[in-house]
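Now for the letters of each chain:
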Amino acid sequence: MSVEEYAIDVNRTVEYVLKKCKEAGIEVSSESDLLDDEGITILDSIISNEESEEELDNRVEEIIEEEKISVDNTIKKQKLKKKSTINKGNGHNLKKELANKKKEMYKNKEKLVSNTDIADNIILYTEGMTIGDLAKKLNVSGAELVKKLFMLGTVATINTSISFENAEVLVLDYNKELKKEESVDVANFEEFEIVDDEASLIERPPVVTIMGHVDHGKTTLLDTIRKSSVVSTEAGGITQAISAYQVKHNGKTITFIDTPGHAAFTEMRARGARITDIVIIIVAADDGVMPQTREAIDHAKASGVPIIVAINKMDKPGANPDRVMTELSECGLTPDTWGGDTLYNKISALNGEGIDELLENILLIAEMQEYKANPSRYAVGTVVESKLDKQVGPVVTLLIQNGTLRLGDPIVVGTSFGKVRTLKNDLGEEITEALPSQPVSITGLNETPDAGDKFMAFESEKQARSVANTRAELAREKSMVKETAVTLDDLFSKIQEGVKEINVIVKADVNGSSEAVKNSLEKIDVEGVKVKVLRSSVGGITESDIVLAKASNALIIGFNIRPNNTIKDYAKENGVEIRLYNIIYKAVEEMEAAMKGMLDPEYEEKVIGSAEVRQLFKFSKVGTIAGSYVTDGIVKRDAKARIIRDSIVIYDGNINSLQREKDSVKEVKKGLECGITIENFNDIKPSDTIECYEMVEIKR
């Protein structure tokens, strides 16, 4: 950190800092000179003591003013100052204690285990690796590996390329572990795999997120848990300084992450941030399962973590927990008391009923799952939230997922980097180090990262800067390449790469169709690869569906529905493929063919325009003429058309006639009015959308 950066951080002038450096014997002469950890600690101590003296002088002046003491009465003033010094409270002591802790920490700072070290038993797999290449890495003969493969039923030569799966089986015979090359690339630490020795792991607190429908009591529950877990004598009461905090129950710690909702939760998952160990789904006993509850369940299930259900508002007269349990069972959350595997708790967030049992269930799952981490390595984790403060720069809330984060550690967060300048816990107290599963607030970064960005601490600032620069360059390159989720066209190649489950989201016009499509797709079994339906529901495709599809690498299948232009654009931006059908067997047939890699060239529909029905004209000979306004593209007389009402397709056929004023025309462009009749269909209503499309042959 430079003198200038330090001056900004402590809200002092550069001249002031240089003066104090000179007084303390710190060798710097200009604003660009760098301060080391020891120099920063000394300056912190000096400024902290000066602030205490300044506060004391202000208090003395207040006492003099209150008691009407003459200013020149130096004897009484000195006595008052002495008295005030004795009773000046804990603030000064806390600052002094923190300064001593910092000094001690910097003085005895030990080198932690580097995240970039590769264990001796790790073999790196590179794309296109031959059997001969693997033999060299294992220090054995190529013929030996060829023989082992033959015994496994694979005929190959020393120059044959070997798949990751086959190589993984071979290296196990030599007590080695195979890793893909990108998994040990420190610049890509989202995919970076850290392997800890079992002996170095210790138990860490579980990380919990609460999700559910609006007004079902999530905020009240969070507040009640926090209040019930803070000792009344603790300084600062229950002040929550950041959107994550820790509570204690029966001597065990639990970390809670306060997210704004399931969409934000899944957005973070979409960026590779797996921050939650357990999800609590909260449902009001007097309200039951709502649409947003179902969405929260889908997002929680897709994350693959244990789920606890909290049935809230049990204190209300209309509470009906049995109805809630029945509705949730239909969503796949069968209560443990009914023979299922989901823990249920009946609670009242308002009066605290059942909260202890809920916390005990969290600790029970944590004990079963055995959440562990290694505090002896440099920290890695995720950004929970971030903001830009005018005084101190970027302020970032981090969740430590492994390792220990200390003051002064060089750190890379997303594409930003810096040194941890200040470190505060969830109560806003300054600390010198943070352990696994602990949420903290830090300053010292050169840019403000995004929520969901991963971070990693390093041994040297030079290494952190180099990694940050590499990541920034990779991010620029990535932004130029459009990211896409899985598509039907690349299903076969995904299966060849080892994918065992194809994630799908089904949206349909009615519940019967939704269930039928879901059941038909889940029956498909091609070479041990199954289709997993993450969500199956009625209605149009929503942004929430696209967020879930992006996070889960899923494709969306719509049955008898049509997404509007906004949803289409949003899906395109996020690289999510939407496939639309009106015949169930066609959807199943295409999915199965795609999984087998046998998709034939096909026709793709191309939407050429749409019109909004504004007025109806009925004639006995002609039928119903839809007086329409073309809202997008072109409406053509020889095109196919579908009638869409509330995002549901109610008819699909052909345009029979197209009129502009009194003339019959071939096409009408955007922004013009026209009259449209649909072949064999007269049940058109105002506000219906007439979507025109053509079938265009596409190459695979």
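Student: Looking at this structure, I do not really get the pattern of salt bridges. What am I missing?
Tutor: Any two side chains of opposite charge can pair, on the condition that their charged atoms come close. Inspection of every chain in the model, using the stated rule, returns 24 salt bridges. Residues Arg226 and Asp223 are paired through a salt bridge, measuring 2.9 Å at the closest nitrogen-oxygen approach. Here Arg226 and its partner Asp223 are both found in helix α9 (residues 218–228), three residues apart, which amounts to about one turn of the helix. Of the charged contacts in the structure, one is a salt bridge between Asp286 and Lys316, with a shortest N-O distance of 3.6 Å. With Asp286 in the loop between β7 (278–284) and α11 (291–303) and Lys316 in the loop between β8 (307–312) and α12 (321–330), the pair connects residues that are 30 residues apart, well separated along the chain. Overlapping salt bridges, with partners in common, bring together Arg562, Lys568, Glu605, Arg642, Asp652 and Glu691 in one network.

Student: Before we go on, may I ask you to explain the sheet that holds strand β23 (residues 578–581) in this structure?
Tutor: Adjacent strands of a sheet pair through backbone hydrogen bonds, lying either parallel or antiparallel. In spatial order, the strands read β20-β21-β19-β22-β23; together these five strands make up an open sheet with mixed pairing. Both edges of this open sheet fall to β20 (525–526) and β23, since each of them pairs with a single strand only. Inspection of the sheet shows strand β19 (residues 501–508) paired to strand β22 (residues 555–559) by five bridges, in the parallel sense. Paired with Ala508 across the strands is Phe559, a residue of β22.

Student: Please explain the packing of helix α16 (residues 511–522) against helix α19 (residues 584–596) as it appears in this structure.
Tutor: When two helices pack together, their arrangement is given by the angle between the helix axes and the distance between those axes. Across the interface, α16 lies against α19 with an axial gap of 10 Å and an inter-helix angle of 25°. In terms of orientation, α16 lies roughly parallel with respect to α19. The crossing of α16 and α19 is right-handed. When α16 is examined against α19, the residues Ala516, Val517, Ser520 and Leu521 are found in contact with a partner set consisting of Ile584, Ala587, Val588 and Met591. Its residues assigned to classes, the contact of α16 with α19 comprises seven nonpolar, one polar and no charged.

Student: Could you clarify how one ought to interpret unusual backbone geometry in this entry?
Tutor: Most of the time, phi is negative for any residue but glycine, and the peptide bond is trans. For Ser647, which is not glycine, the phi dihedral falls at a positive 70°. Inspection of the secondary structure puts Ser647 in the loop between β26 (640–645) and β27 (648–660). Look at Ser647 and you get partly exposed, because its relative accessible area is 28%. A positive phi angle, near 60°, is found at Asn680, a position not held by glycine. With respect to the helices, strands and loops of the structure, Asn680 is situated in the loop between β30 (673–678) and β31 (689–698). Assessed through its relative accessible area of 71%, Asn680 is described here as exposed.

Student: Help me understand the confidence of the model for the protein in this model?
Tutor: Interpretation of the predicted coordinates at a detailed level should be avoided for regions scoring low in pLDDT. Confidence in the prediction for the protein averages 81 pLDDT; 81% of positions are at 70 or higher. Predicted confidence for residues 230–239 stays below pLDDT 50, and this span has eight contacts to residues more than four positions away or in other chains.

Student: Can you help me understand the packing of aromatic side chains in this one?
Tutor: The description of an aromatic ring pair uses the distance of the two centres, along with the angle that the planes make with each other. A full pass over the atoms with the stated rule returns two aromatic pairs. Look at Tyr245 and Phe256: their rings are 5.9 Å apart centre to centre, the planes differ by 25°, and that puts the pair in the stacked class. Of this pair, Tyr245 sits in strand β5 (residues 244–249) while Phe256 is found in strand β6 (residues 252–257), placing the two residues 11 residues apart along the sequence. With 4.5 Å between their ring centres and 15° between their planes, Tyr651 and Phe681 make a pair best called stacked. Of this pair, Tyr651 sits in strand β27 while Phe681 sits in the loop between β30 and β31; the two residues are 30 residues apart in sequence, bridging distant segments of the chain. By relative accessible area, Phe681 is classed as buried at 12%.

Student: Would you take a moment to explain the nonpolar core for this structure?
Tutor: Grouped burial of nonpolar side chains is what soluble globular proteins tend to show. In this structure, Ile210, Leu221, Ile225, Ile254, Phe256, Ile280 and Ile362 are the most contacted members of the largest nonpolar core, which totals 25 residues. Those elements that provide at least two residues to this core are β4 (207–212), α9, β5, β6, β7, β8 and α13 (355–369). Sort the elements by how many residues they give to this core and α13 lands first, with seven residues. Counting residues in each nonpolar core, the second largest holds 21 residues, with Val517, Val531, Phe559 and Ala587 among its members.

Student: Which parts of the structure should I look at to understand a nonpolar patch on the surface?
Tutor: Side chains of Phe150, Met151 and Val155 sit close together on the surface and give an oily, nonpolar patch of about 400 Å² of accessible area. With respect to the helices and strands, the residue Val155 is situated in the loop between α7 (142–151) and α8 (164–172). Of the residues examined, Val155 reaches a relative accessible area of 71% and is grouped as exposed.

Student: Before we go on, may I ask you to explain the packing of α11 against helix α17 (residues 543–552) in this structure?
Tutor: Orientation of α11 relative to α17, taken along the N-to-C sense of each, is 5°, at an axis distance of 11 Å. One way to sum up the angle between α11 and α17 is to call them roughly parallel. From α11, Glu295, Asp298, His299 and Ala302 reach across to α17, where they touch Ser544, Leu548 and Ser552. When the residues that make up the contact of α11 with α17 are grouped by side-chain class, the tally is two nonpolar, three polar and two charged.

What counts, and at which threshold
Residues numbered from 1 in each chain as written. Predicted model: local features only at pLDDT ≥ 70, side-chain atom pairs only at ≥ 80, totals over all residues. Heavy atoms only, no water. Salt bridge = Lys/Arg side-chain N within 4 Å of Asp/Glu carboxyl O. Helix = DSSP H or I, 4+ residues; strand = E, 2+ residues; numbered from the N terminus. Pairing = 2+ DSSP bridges. Axes fitted to C-alpha atoms, helices over the stretch in contact; angles between N-to-C directions. Parallel < 35°, antiparallel > 145°, perpendicular 65-115°, else oblique. Left-handed = near helix turned anticlockwise from the far one by under 90°. Contact = heavy atoms within 4.5 Å. Nonpolar A, V, L, I, M, F, W, Y, C, P; charged D, E, K, R; others polar. Buried < 20%, exposed > 50% of the residue type's maximum accessible area, 1.4 Å probe, protein only. pLDDT = per-residue confidence, 0-100. Phe/Tyr/Trp six-rings, centres within 6.5 Å; stacked < 30°, edge-to-face > 60°. Core = buried A, V, L, I, M, F, W, Y, C linked by side-chain atoms within 4.5 Å. Patch = residues over 30% accessible without salt bridge, like charges linked within 9 Å, V, L, I, M, F, W, Y side chains within 5 Å. Areas by Shrake-Rupley, 256 points an atom, 1.4 Å probe, with all protein chains shown as cover.

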